[in-house]
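Reading the structure
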Amino acid sequence: MSRHPTVKWAQRSDKVYITVELPDAEDVKLKLEPEGKFFFSATSGASKTPYEVDLDLLDNVDVNESKASVSSRYVCYLVKKAESKWWNRLIKQEGKPPVYVKVDWDKWVDEDEEDKGGEADMDFGDFDFNSLNMGEAGDIGDEEEESDMEEEIAAETTKEAEKIVEEGNGEKEEAASDVKKD
């Protein structure tokens, strides 16, 4: 029985990246059919353990425009979609995908970010940040200054307390001397 290697995927509107992670893959066989049938098989390791992936992709693909690249650590397949549109999943099977199929977050770009080169537009329009009452912008990152101020206030408070105690002791001594005189 064959094992399943990890399969990662990401997409753009016109293509799907499928990466099969299998170090030292030998006897690699790849097959892609226009209906979206994706097949991969290979062996790996000293014992020539067989690995296999058989997926029914969500939609049709352009076999002639698709490309594969085999390296020592993985097999990467750039699958050209027959129709430029976003897929809501990789395979036709609804529900939870097989455990070996994962999203390739290193290549992933959201649909609304594709035209921007993968970078999100940080346009906040007419939003008024002053209404958030988050303090002044100059206060950000001033934690050291705040802790220094807290230490100064604590030191001043301690000095004031010591002064009050000393004054209180002085009054007690005067009262004690007045008692002795009587």
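Provided above is the structure to which this section pertains.
For the structure given in this document, a descriptive report is provided here. Everything numeric here is computed off the predicted structure, so don't read it as measured data.

Our focus in this paragraph is the overall build of the protein chain. Within the protein chain, the secondary structure is distributed over 1 helix and 8 strands. In the protein chain, the succession of helices and strands from N to C terminus is β-β-β-β-β-β-β-β-α. Accessible surface computed for the protein chain: about 13,300 Å², of which carbon and sulfur atoms make up 47%.

Moving on, we come to the sheet that holds strand β4 (residues 37–44). Spatially, the 3 strands line up as an open sheet ordered β3-β4-β5, and their pairing is antiparallel. Of all the strands in the sheet, just β3 (26–32) and β5 (49–56) have a single pairing partner and so form its edges. Going across the sheet, the axis of each strand differs from the next one's by a mean of 5 degrees, ignoring polarity.

Moving on: the sheet that holds strand β1 (residues 6–11). The strands that make up a sheet pair up through hydrogen bonds in the backbone, lying either parallel or antiparallel. If you trace the 5 strands from one edge of the open sheet to the other, you get β6-β7-β2-β1-β8, paired in mixed fashion. Two strands bound the open sheet, and with one partner strand each, they are β6 (61–70) and β8 (101–103). Strand after strand, the sheet turns through a mean of 25 degrees between neighbouring axes, direction not considered. One ladder, built from 7 bridges, connects strand β2 (residues 15–21) with strand β7 (residues 74–81); its direction is antiparallel. Counted as the bridge partner of E21 is Y74 from β7.

Taken as a whole, this structure holds 9 salt bridges when the rule is applied. Residue E21 is joined to K8 by a salt bridge in which the shortest nitrogen-to-oxygen separation is 3.4 Å. Separated by 13 residues along the polypeptide, E21 in strand β2 and K8 in strand β1 bring together distant segments of the chain. Residue classification places K8 among the partly exposed positions, given a relative accessible area of 22%.

The alternating pattern of β5 places T49, Y51, V53 and L55 on a buried face and P50, E52, D54 and D56 on a face that is not buried. In the sheet, β4 pairs with β5 via 8 bridges, with the strands oriented antiparallel. From the neighbouring strand, A42 faces β5, where its bridge partner is Y51.

Moving on: a negative patch on the surface. A surface patch of negative charge is lined by E150, E151, E152, E156 and E160. We classify E150 as exposed; its relative accessible area is 53%.

This paragraph deals with the nonpolar core. I18, F38, L55, L57 and L90 are the most contacted members of the largest nonpolar core, which totals 24 residues. Setting aside residues no more than four positions away along its own chain, L57 makes contact with I18, L32, E35, G36, F38, V79, W87, L90, I91 and K92.

Moving on, we come to the side chain of R12. Relative to the helices and strands, R12 resides in the loop between β1 and β2. Taking relative accessible area as the criterion, R12 reaches 16% and is therefore assigned buried. If we ignore the near neighbours within four places in the chain, the residues touching R12 are Y17, K81, W86, K107, W108, V109 and E114.

Rules used throughout
- Residues numbered from 1 in each chain as written.
- Predicted model: local features only at pLDDT ≥ 70, side-chain atom pairs only at ≥ 80, totals over all residues.
- Heavy atoms only, no water.
- Helix = DSSP H or I, 4+ residues; strand = E, 2+ residues; numbered from the N terminus.
- Areas by Shrake-Rupley, 256 points an atom, 1.4 Å probe, with all protein chains shown as cover.
- Pairing = 2+ DSSP bridges.
- Axes fitted to C-alpha atoms, helices over the stretch in contact; angles between N-to-C directions.
- Salt bridge = Lys/Arg side-chain N within 4 Å of Asp/Glu carboxyl O.
- Buried < 20%, exposed > 50% of the residue type's maximum accessible area, 1.4 Å probe, protein only.
- Patch = residues over 30% accessible without salt bridge, like charges linked within 9 Å, V, L, I, M, F, W, Y side chains within 5 Å.
- Lys, Arg positive; Asp, Glu negative; His and termini not counted.
- Charge placed at Lys NZ, Arg CZ, Asp CG, Glu CD.
- Core = buried A, V, L, I, M, F, W, Y, C linked by side-chain atoms within 4.5 Å.
- Contact = heavy atoms within 4.5 Å.

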